[in-house]
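Take a look at the letters that make up each chain.
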Amino acid sequence: MLKKTTVSIAIIAAISSLNAQAEGYKLFEQSVSSMGNGYAGRGAQITDATLVYSNPAALTQLTGGHFSAGVSLIDAQTNYRNMQARSANGQVVAGRDEGHNTLTEAVPFLFYANQYSEKVSWGVGFYVPFGLSSDYDNDFVGRYFADETDIQVLSLQPAIGYKLNDNWSIGAAVSVNRAAGTLSKYKDHAGLCELGEATTNAMFGAPVYNDAYCHSQYEVSGDDIAFGYTLGIHGEPIAGTRLALSYHSQVRYTLKGDSTITNTPITGANVAGNPNFMVVAPHLPAIDLSTGKLASNARLTEASKLGLTTPASAAFSIDQQFSDAFSLQFTAAWTEWSKFESIDIVSNDPNPSISTNTQLPQNLNSPGYIGYIPEQWQNSWSYALGATYVLQPELTLKAGIAYDENPIPQSHKTARIPTDHRTWLTVGANWALSDKVSLDIAYGYLFTGDVSINESEYNVQDQKLYNSSLTGDYSNKAQVLAIQANYRF
């Protein structure tokens, strides 16, 4: 039987460098008022209803009803160059070896907060905590490793804050989260495409070449709904010094949907004795007598599932007031990426059609497996420092700098995830249009180092498979322009 590459799709794929203001694939775009400071002091600084997400304990510091809605416009680009790839049999893969992926995306949010009593405040919010989108050109030389990635998590979160005394408050929230994604790549059928028409026809002694093998694609899609929670503490132990500690739980999803693959070879062993096919050898593609070409399955579909856990995170923030006009903010945040060890795509179909091959010992070597990717991510830290200056009673200026550690070790950087440590510079402003209405605007620009990848395929025992490989160099840049409207009731 023909040896096939593993179906290496990563929902991590959920993790491309095209996530603008992101660490791993975690998005920070739930507050433009915080973005102006590089998200420094987030959850400690008393801003608006976006505190529903960042720290529900701080809701007790808001008076009356507050409504905030906004959108972040992301413009990001990943450039690739010097790309080289080989098929499962070690042949050189032809294709585009330099180019770029561009992302233009709008990330919205909506929050409302109000007081229930002098001690109790509450709120609700809709936001996007994780997500990404990228798509390589169809002739990308690394198409056997990555093509399209589209992942999104949408969250609805009610929150409550309780004032313990004049200085300290606690808060909690529960989120309902829907994760959905589609991931694809082209399939390498033991280098059948790379053999080319002349060589294939010479091997079979007849004009049987079938270019459908060069357009074989694997795609997986799925979705799930799961719950998470947030805990927060807010305090002002000394006048002008606000502190915050917040924790966002991990959320476990089981994305269920379909794995599909098109234009797969039909080998002689699978159609022996069938009068519609000519069998040349058990391990070679049969000849379809109706077309005179090498035989192929137009489409195979198998129900599958994929476990995905978005990581837990904790953040400490401080907002230090130095005068009525000037304050500094700081945040240190930790994200538990180390639990992200591998991507496991497993069949849950009573009548399998894809995993009958991919689970074999010469392939993934584990029952029911359709895809597997080792990740071995590491816990990471991010830091932010910001400044706020009240220029006029109705105009407040902001600036910030942030640094995000990359959780992906060099050994596991891939074409789907060509990221490095990132530095952000941001500026922003709050403009009070009236006693009730204000606008926040912010702009951020990303700086990051160059990245090299050296990607291979592995079985479930983390042993390298085949002779397939992908190497190359990447550089990334991104900018975000965001606007937020606030209304006080």
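This structure is a prediction, so every number in the text was calculated from the model and none was measured.

Side note on the overall build of the protein
Then, number 1: The helix and strand tally for the protein stands at four helices and 24 strands.
Then, number 2: For the protein, the spread of C-alpha atoms along the three principal axes comes to 85 × 45 × 35 Å.
Then, number 3: Put simply, the protein has 489 residues, and 54% of those count as buried.
Then, number 4: In the protein, the share of contacts with a sequence separation of at least 24, taken over all contacts with a separation of at least 6, comes to 73%.
Then, number 5: Accessible surface, the protein as shown: approximately 19600 Å² in total, 55% of it carbon and sulfur.

Examining the sheet that holds strand 13 (residues 293-294)
Then, number 1: Here three strands make up an open sheet; going across it, the order is 11-12-13 and the pairing antiparallel. Either end of the sheet is taken by a strand with one partner, and the two such strands are strand 11 (277-278) and strand 13.

Some words on the packing of aromatic side chains
Then, number 1: Evaluation of the coordinates by the stated rule reveals 18 aromatic pairs.
Then, number 2: With 5.6 Å between their ring centres and 55° between their planes, Tyr80 and Tyr136 make a pair best called tilted. Placement of Tyr80 in strand 3 (residues 66-86) and of Tyr136 in the loop between strand 5 (120-135) and strand 6 (148-163) is noted, with a sequence separation of 56 residues between them. The same class applies to Tyr80 and to Tyr136, which are both buried.
Then, number 3: An aromatic cluster of at least three residues, connected via ring pairs, comprises Tyr53, Phe109, Phe111 and Tyr127.
Then, number 4: Between the NZ or CZ atom of Arg143 and the centre of the ring of Tyr144, over which it lies, the distance is 5.5 Å.

Details of the nonpolar core
Then, number 1: In this structure, Met35, Val52, Leu59, Ile74, Phe111, Ala113 and Trp424 are the most contacted members of the largest nonpolar core, which totals 32 residues.
Then, number 2: Among the secondary structure elements, those contributing two or more residues to this core are helix 1 (32-35), helix 2 (51-54), strand 3, strand 4 (99-115), strand 5, strand 22 (437-448) and strand 24 (464-488).
Then, number 3: The element best represented in this core is strand 4, accounting for five residues.
Then, number 4: Once residues lying within four places of it in the same chain are set aside, the contact partners of Ala113 are Ala49, Val52, Leu59, Leu62, Gly64, Gly65, His66, Trp122 and Gly123.
Then, number 5: Among the nonpolar cores identified, the runner-up in size contains 19 residues, and Tyr80, Tyr136, Phe145 and Cys193 belong to it.

Quick notes on the confidence of the model for the protein
Then, number 1: For the protein, the average pLDDT comes to 90, and 94% of its residues sit at 70 or higher.
Then, number 2: The low-confidence segment residues 1-24 (pLDDT under 50) makes 142 contacts with residues lying over four places distant or belonging to another chain.

Section: the pattern of salt bridges
Side chains that differ in charge, positive against negative, can pair when their charged atoms come close.
Then, number 1: Overall, the coordinates contain eight salt bridges when judged by the stated rule.
Then, number 2: Two residues, Asp450 and Arg81, come together in a salt bridge whose shortest N-O distance is 3.5 Å. Of this pair, Asp450 sits in the loop between strand 22 and strand 23 (451-458) while Arg81 is found in strand 3, placing the two residues 369 residues apart along the sequence.
Then, number 3: Asp450 sits in the exposed class, given a relative accessible area of 54%.
Then, number 4: Arg178 serves as the salt-bridge partner of Asp223, at 4.0 Å between the closest nitrogen and oxygen. Of the two residues, Asp223 sits in strand 8 (residues 217-238) while Arg178 sits in strand 7 (residues 168-186), which places them 45 residues apart along the sequence.
Then, number 5: Residue classification places Asp223 among the partly exposed residues on the basis of a relative accessible area of 36%.
Then, number 6: The network of salt bridges with common partners includes Arg96, Asp137 and Asp139.

About the cut-offs
Residues numbered from 1 in each chain as written. Predicted model: local features only at pLDDT ≥ 70, side-chain atom pairs only at ≥ 80, totals over all residues. Heavy atoms only, no water. Helix = DSSP H or I, 4+ residues; strand = E, 2+ residues; numbered from the N terminus. Buried < 20%, exposed > 50% of the residue type's maximum accessible area, 1.4 Å probe, protein only. Contact = heavy atoms within 4.5 Å. Areas by Shrake-Rupley, 256 points an atom, 1.4 Å probe, with all protein chains shown as cover. Pairing = 2+ DSSP bridges. Phe/Tyr/Trp six-rings, centres within 6.5 Å; stacked < 30°, edge-to-face > 60°. Lys NZ or Arg CZ within 6 Å of the ring centre and 35° of its normal. Core = buried A, V, L, I, M, F, W, Y, C linked by side-chain atoms within 4.5 Å. pLDDT = per-residue confidence, 0-100. Salt bridge = Lys/Arg side-chain N within 4 Å of Asp/Glu carboxyl O.

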